[in-house]
Amino acid sequence: QFIGDIPRGQWIDKHEYFFLKNQKQGFNLVFNGYMYKKEASFRATVNWICSDGNGKRLNENKCSARAITKFDGGIKLGKNAHNHPPRFLGGKVPAKLMPKDAFYPQY
């Protein structure tokens, strides 16, 4: 489900986010129609970068949107917005989405 105005730079606890297994047997974050790939894991958080356009050369249309998730719930969007439309809208949502409780089972 797409949510219009989401604050940037502050923790959001009321919106759901999901995870999707990727081809490398890792997981991608799916939030608000956008997909992110894992950039780094820390003791209590995971940093994510937009999966659309990352891996391209700098002079191509690379998306610089980022997000951080907390192991005990909550998500924070980075200061940069996406430069492309959401990947998953309406009926395009993947069937194998995992809720955050399944991804972070220890909490």
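Heads up: the structure comes first, above all this text.
Just so it is clear, the structure is predicted and the values come from calculations on it, not from any experiment.

Q: What is the right way to look at the pairing of strand 5 (residues 66-70) in this model?
A: The side chains of a regular strand alternate, residue by residue, between the two faces of the sheet. Judged by which residues are buried, strand 5 turns out to be one-sided: Ala67 and Thr69 face inward and are buried, whereas Arg66, Ile68 and Lys70, on the alternate face, are not. In this sheet, strand 5 lies alongside strand 4 (residues 45-50) in antiparallel orientation, the contact comprising five bridges. The partner of Ile49 across the bridge, within strand 5, is Arg66. Direction of pairing for strand 5 relative to strand 6 (residues 75-77): antiparallel, over a ladder of three bridges. Counted as the bridge partner of Thr69 is Ile75 from strand 6. Taking the residues that link successive antiparallel strands as the turn, the strand 5-strand 6 hairpin has four residues, and the phi of Gly73 there is positive, at about 105°.

Q: Help me understand the packing of aromatic side chains in this model?
A: The way to describe two aromatic rings as a pair is by their centre distance and the angle between their planes. All told, the structure shown has two aromatic pairs when counted by the stated rule. With a centroid separation of 5.8 Å and an interplanar angle of 85°, the aromatic rings of Tyr17 and Phe19 are classed as edge-to-face. The pair formed by Tyr17 and Phe19 is uniform in burial state, with each residue classed as buried. Ring centres 5.8 Å apart and planes at 45° place the aromatic pair Phe19 and Trp48 in the tilted group.

Q: It is not clear to me how the nonpolar core should be interpreted in this structure. Could you clarify?
A: A general tendency of soluble globular proteins is for nonpolar side chains to be buried together. With 14 residues, the main nonpolar core has Leu29, Phe31, Tyr36 and Ile75 as its most contacted residues. Secondary structure elements with two or more residues in this core: strand 2 (27-31), strand 3 (34-41), strand 4 and strand 6. Dropping the residues within four chain positions of it, Leu29 is found in contact with Tyr17, Phe18, Phe19, Tyr34, Met35, Tyr36, Trp48, Ala67, Thr69 and Ile75.

Q: Looking at this model, I keep getting lost on the sheet that holds strand 7 (residues 98-99). Mind explaining?
A: Strands in a sheet are paired, the pairing made by backbone hydrogen bonds, and the direction either parallel or antiparallel. Across the sheet, which stays open at both edges, the seven strands sit in the order 6-5-4-3-2-1-7 with antiparallel pairing between neighbours. Both outer strands of the open sheet, strand 6 and strand 7, are each paired with one neighbouring strand and no more.

Q: Please clarify how unusual backbone geometry should be interpreted in this entry.
A: With glycine set apart, most residues show a phi of negative sign, and most peptide bonds adopt trans. Unlike most non-glycine residues, Asn32 shows phi in positive territory, near 55°. The topology assignment puts Asn32 in the loop between strand 2 and strand 3. In this structure Asn32 comes out as buried when scored by relative accessible area, which is 12%.

Cut-offs applied
Residues numbered from 1 in each chain as written. Predicted model: local features only at pLDDT ≥ 70, side-chain atom pairs only at ≥ 80, totals over all residues. Heavy atoms only, no water. Buried < 20%, exposed > 50% of the residue type's maximum accessible area, 1.4 Å probe, protein only. Helix = DSSP H or I, 4+ residues; strand = E, 2+ residues; numbered from the N terminus. Pairing = 2+ DSSP bridges. Phe/Tyr/Trp six-rings, centres within 6.5 Å; stacked < 30°, edge-to-face > 60°. Core = buried A, V, L, I, M, F, W, Y, C linked by side-chain atoms within 4.5 Å. Contact = heavy atoms within 4.5 Å.

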